[in-house]
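Close look at the chain arrangement
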Amino acid sequence: MLCRANSTAARQSRSFTQRSLPRIAVSRRTVAVHAGMLDSMLKKAVGKAAKPGALSFSDNAPSWEVLTNMVKAQEAEFGVNFSAPDLVNGPTHPLALKRTFGSTEPIRVKLYRDHAGWCPYCQKVWLQLEEKRIPYTIEKINMRCYGDKPAAFLAKVPSGLLPVLEIDGRVVTESAAIMALLEEQFPDHKPLMPAAGSPQRPRADQLMRLERRFFSDWLNWLCSGWNQAAAQAQLERTLQAICKELEADGGPYFMGADISLVDITFCPMLERAAASLAYYKGFVMRGSGKFPALEAWFDAMESRPTYLGTKSDHYTHVS
């Protein structure tokens, strides 16, 4: 679990929206607030650099009528029916328990992920399976904060940690190990990582290390009340390094024109950082114009139904 920074702000929370609302599922939550404190924080952090409407702490959650119209527009755009979706073969959907993508090949894979769709490590594996279109089944397991885990699951995985993959009866834990195994076992399903020994593999490995650096710098600032200026400066240096890497191969993705395992590894953390830093630190990653390559990356990711079906919303990430 990520730490809850700034407990005072957490108790005096209010709804906020960033310039890009979730395109398929939008949570509407209203919370009480002390406007002066958050408005002051926003002005200090954003100043004149932010685009108009990039971030607002007012209670401007859309009405149910507006949300209904948004859903209808999305149905027309993607050619799907959200009220009666094809959970087995259609676009990525959080309610799906079996995915075959129209294939008749045997299902070798079972994914155990969290019920709420909140776990960032589950999201990585889930998104990889959807991008590679590997037939699989899903069993949802509650996170510990929602109560005891099922005894049958603990018999297989005594630690209770998620995600877990069963492949050909073998139980595998740890998201990085799972993702590497899926690339190894399903090379004919859209390879997402350059092959070992290829010229691009060292760059992909280096970018994976950059993701760990970003994760560390983000939580170092988010979860600490000490050395705020230094922690923010370090995070901004890392974000600039991320932008430089996104531009290196022409973007919009880390490895160029198409998604890779690098993007899938980065996305849960960047998604959560954009929400949590805006809420707890008044820092705008997306919408300020300071990180254009990162904004283009977010836009590219949100053009993919696979990502839209797995992503959460800003309210969940700060609650």
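Conventions adopted
- Residues numbered from 1 in each chain as written.
- Predicted model: local features only at pLDDT ≥ 70, side-chain atom pairs only at ≥ 80, totals over all residues.
- Heavy atoms only, no water.
- Pairing = 2+ DSSP bridges.
- Helix = DSSP H or I, 4+ residues; strand = E, 2+ residues; numbered from the N terminus.
- Expected span 1.5 Å × (residues − 1).
- Core = buried A, V, L, I, M, F, W, Y, C linked by side-chain atoms within 4.5 Å.
- Buried < 20%, exposed > 50% of the residue type's maximum accessible area, 1.4 Å probe, protein only.
- Contact = heavy atoms within 4.5 Å.
- Axes fitted to C-alpha atoms, helices over the stretch in contact; angles between N-to-C directions.
- Polar contact = N/O pair within 3.5 Å; in protein donor to acceptor, adjacent residues only side chain to side chain.
- Salt bridge = Lys/Arg side-chain N within 4 Å of Asp/Glu carboxyl O.

Take the pairing of strand 7 (residues 170-173) next. Pairing between strand 6 (residues 164-167) and strand 7: 4 bridges, direction antiparallel. Of the residues in strand 7, the one forming a bridge with I167 is R170. Taking the residues between adjacent antiparallel strands as the criterion, strand 6 and strand 7 are bridged by 2 residues, where D168 takes a positive phi near 55 degrees.

A few words now on helix 3 (residues 64-78). Here helix 3 spans 21 Å end to end across 15 residues, near enough to the 21 Å set by a 1.5 Å rise per residue. Residue G79 follows helix 3 closely and has a positive phi angle near 70 degrees.

On to the nonpolar core. In this structure, F214, W218, I242, L294 and W297 are the most contacted members of the largest nonpolar core, which totals 63 residues. If you tally residues by element for this core, the top one is helix 9 (residues 261-281), at 13 residues. Beyond its immediate stretch of four places on either side in the chain, I242 contacts L210, F214, F254, F266, L270 and L294. By size, the runner-up hydrophobic cluster in this structure holds 8 residues, among which are Y112, I141, V157 and L162.

It is worth spelling out the environment of E211 at this point. Tracing the chain through its elements places E211 in helix 7 (residues 201-222). Along the chain, E211 and M269 lie 58 residues apart, while their C-alpha atoms are 8.5 Å from each other. Not counting residues up to four positions away in its chain, the partners in contact with E211 are T265, F266 and M269.

What follows deals with the sheet that holds strand 6. Pairing in this open sheet of 5 strands is mixed, and the strands run 3-5-4-6-7 from one edge to the other. On the outer flanks of this sheet lie strand 3 (98-99) and strand 7, each paired with one strand and no other. Most of the contacts of helix 4 (residues 120-132) go to strand 4 (residues 109-114), to which it runs at about 145 degrees, and overall it touches strand 3, strand 4 and strand 5 (136-141). This element, helix 6 (residues 175-185), spans strand 4, strand 6 and strand 7 of the sheet and lies at about 130 degrees to strand 7.

Moving on, we come to the side chain of H93. Tracing the sequence through the fold places H93 in the loop between helix 3 and strand 3. Residue H93 is classed as buried on the basis of its relative accessible area of 16%. In this structure the side chain of H93 is engaged in a polar contact, spanning 3.0 Å, whose partner is the backbone nitrogen of L95. If near-sequence neighbours (up to four positions away) are discounted, H93 is found in contact with P85, L87 and W126.

What follows is about the pattern of salt bridges. When charged atoms on two side chains of opposite charge get close, those side chains can pair. For the coordinates displayed, the defined rule picks out 17 salt bridges. Two residues, R201 and D205, come together in a salt bridge whose shortest N-O distance is 3.1 Å. Remark: D205 and R201 occur in helix 7; sequence separation between them is 4 residues, near one turn of the helix. Residue classification places D205 among the partly exposed residues on the basis of a relative accessible area of 30%. With a closest N to O distance of 2.4 Å, E245 and R203 form a salt bridge. With E245 in helix 8 (residues 228-248) and R203 in helix 7, this residue pair connects regions lying 42 residues apart in the sequence. Each of E131, K190, D258 and R304 takes part in a single network of salt bridges with overlapping partners.

Let us now look at unusual backbone geometry. Note the cis peptide between L162 and P163, where omega equals 0 degrees. On the secondary structure map, P163 appears in the loop between helix 5 (151-156) and strand 6. The step from G251 to P252 runs through a cis peptide bond, and the omega angle for that step is 0 degrees. You can see P252 is positioned in the loop between helix 8 and helix 9. With phi around 60 degrees, R133 is a residue other than glycine that occupies positive phi space. Mapped onto the secondary structure, R133 falls in the loop between helix 4 and strand 5. Residue class for R133 comes out partly exposed when judged on its relative accessible area of 44%. Unlike most non-glycine residues, D168 shows phi in positive territory, near 55 degrees. Within the element layout of this structure, D168 appears in the loop between strand 6 and strand 7.

What follows concerns the environment of H189. Position of H189 relative to the elements: it lies in the loop between helix 6 and helix 7. Exposure remark for H189: the relative accessible area of 16% places this residue in the buried category. Considered as a pair, H189 and R133 are 56 residues apart in the sequence and their alpha carbons are 6.7 Å apart. Setting aside its immediate chain neighbours within four residues, H189 contacts E105, K132, R133, I134 and P135. A polar contact of 3.3 Å, which involves the side chain of H189, links it to the side chain of E105.

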